Amino acid sequence: MEEKDHNAIVKDSCCFYRSPPSEAMAWSENMDTLLANQAGLDAFRTFLKSEFSEENVEFWLACEDFKKTESAEKIVSKAKMIYSEFIEADAPKEINIDFSTRDLISKNIAEPTLKCFDEAQKLIYSLMAKDSFPRFLKSEIYKKLIDSQQVGNHKKWFPFL
């Protein structure tokens with residue numbers, strides 16, 4: 001038997017369990033992976049609340065929901081709700097966007113389209129991706145999730161852990 005065949009047999013018959021990357025580990029790949037996973041989103045929101053910046057992810061989620069709106073009436077009502085909650089000056093969950101973006105939305109809110117918040121949503125996504133997301137990956141919240149999932153994986157194979 002050639003050496004490479006022997007190695008193939010050893011690799012194929014190896015008895016060590018190697019778990020796939022945990023769900024929480026996968027979130028570190030990019031923010032889209034995190035936001036697409038409910039548990040990841042919940043953990044990220046908890047982290048943002050601890051930093052007093054949960055309005056960013058709430059705005060992003062509101063925009064995602066808004067873009068799925070089909071009824072013209074609901075487009076108007078949802079747009080006004082998003083505007084009053086996140087965009088207008090002194091809004092309860094005012095997001096940090098530049099004046100020109102805020103001004104453009106203010107001018108277009110009377111006749112909103114499904115794209116009326118796109119620029120602000122991009123700015124907030126970018127802010128979260130460059131600022132909040134890297135800090136989340138270094139946070140105790142994230143580290144505890146990783147640790148608990150790793151311990152959970154070992155318990156499947158080593159009941160004494």
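Residues numbered from 1 in each chain as written. Predicted model: local features only at pLDDT ≥ 70, side-chain atom pairs only at ≥ 80, totals over all residues. Heavy atoms only, no water.

Draft legend 1. Broad picture of the overall build of the chain. The helix and strand inventory of the chain stands at nine helices and zero strands. Helices and strands in the chain line up, N terminus first, as α-α-α-α-α-α-α-α-α. Looking at the 161 residues of the chain, the share that counts as buried comes to 33%. Taking the contacts inside the chain whose residues are at least 6 apart along the sequence as the reference set, 58% of them involve residues at least 24 apart. Surface exposure of the chain reaches about 10,600 Å², of which carbon and sulfur atoms provide 56%. (Helix = DSSP H or I, 4+ residues; strand = E, 2+ residues; numbered from the N terminus. Buried < 20%, exposed > 50% of the residue type's maximum accessible area, 1.4 Å probe, protein only. Contact = heavy atoms within 4.5 Å. Areas by Shrake-Rupley, 256 points an atom, 1.4 Å probe, with all protein chains shown as cover.)

Draft legend 2. Structural detail: helix H8 (residues 118-138). Look at H8: 29 Å from first C-alpha to last across 21 residues, which is about the 30 Å you get at 1.5 Å a residue. Along H8, the sharpest kink reaches roughly 40°, centred on alanine 129. Every buried residue of H8 is listed here: Asp118, Ala120, Gln121, Ile124, Met128, Ser132, Phe133 and Phe136. (Expected span 1.5 Å × (residues − 1). Bend = angle between axes of the 7 residues up to and from the residue.)

Draft legend 3. A look at the pattern of salt bridges. Under the criterion given, the structure shown has nine salt bridges. The salt bridge partner of aspartate 65 is lysine 78, with a shortest N-O separation of 3.1 Å. Taken as a pair, aspartate 65 in helix H5 (residues 55-66) and lysine 78 in helix H6 (residues 72-87) lie far apart in primary sequence, 13 residues in all. For aspartate 65, a relative accessible area of 40% puts it in the partly exposed group. According to the relative accessible area criterion, lysine 78 is partly exposed, its value standing at 24%. Notably, a salt bridge pairs arginine 102 with glutamate 94, separated by 3.6 Å at the nearest N-O pair. A single salt-bridge network, built from bridges that share partners, covers Arg45, Glu58, Glu85 and Lys93. (Salt bridge = Lys/Arg side-chain N within 4 Å of Asp/Glu carboxyl O.)

Draft legend 4. Here's a closer look at unusual backbone geometry. Although it is not a glycine, phenylalanine 52 adopts a positive phi angle of roughly 60°. In this structure, phenylalanine 52 sits in the loop between helix H4 (38-50) and H5. Judged by relative accessible area, which is 72%, phenylalanine 52 ranks as exposed. Non-glycine residue aspartate 90 carries a positive phi angle of around 65°. Mapped onto the elements of the fold, aspartate 90 is located in the loop between H6 and helix H7 (99-108).

Draft legend 5. Focus on the packing of H4 against H8. Put simply, H4 and H8 touch, their axes get as near as 10 Å, and they point 95° apart. If you check the angle between H4 and H8, you find them roughly perpendicular. Contacts between H4 and H8 pair Ala43, Phe44, Phe47 and Leu48 from the former with Met128, Ser132, Phe133, Arg135 and Phe136 from the latter. Grouping the constituent residues of the contact of H4 with H8 by class yields seven nonpolar, one polar and one charged. (Axes fitted to C-alpha atoms, helices over the stretch in contact; angles between N-to-C directions. Parallel < 35°, antiparallel > 145°, perpendicular 65-115°, else oblique. Nonpolar A, V, L, I, M, F, W, Y, C, P; charged D, E, K, R; others polar.)

Nothing here speaks to function; it is geometry throughout.
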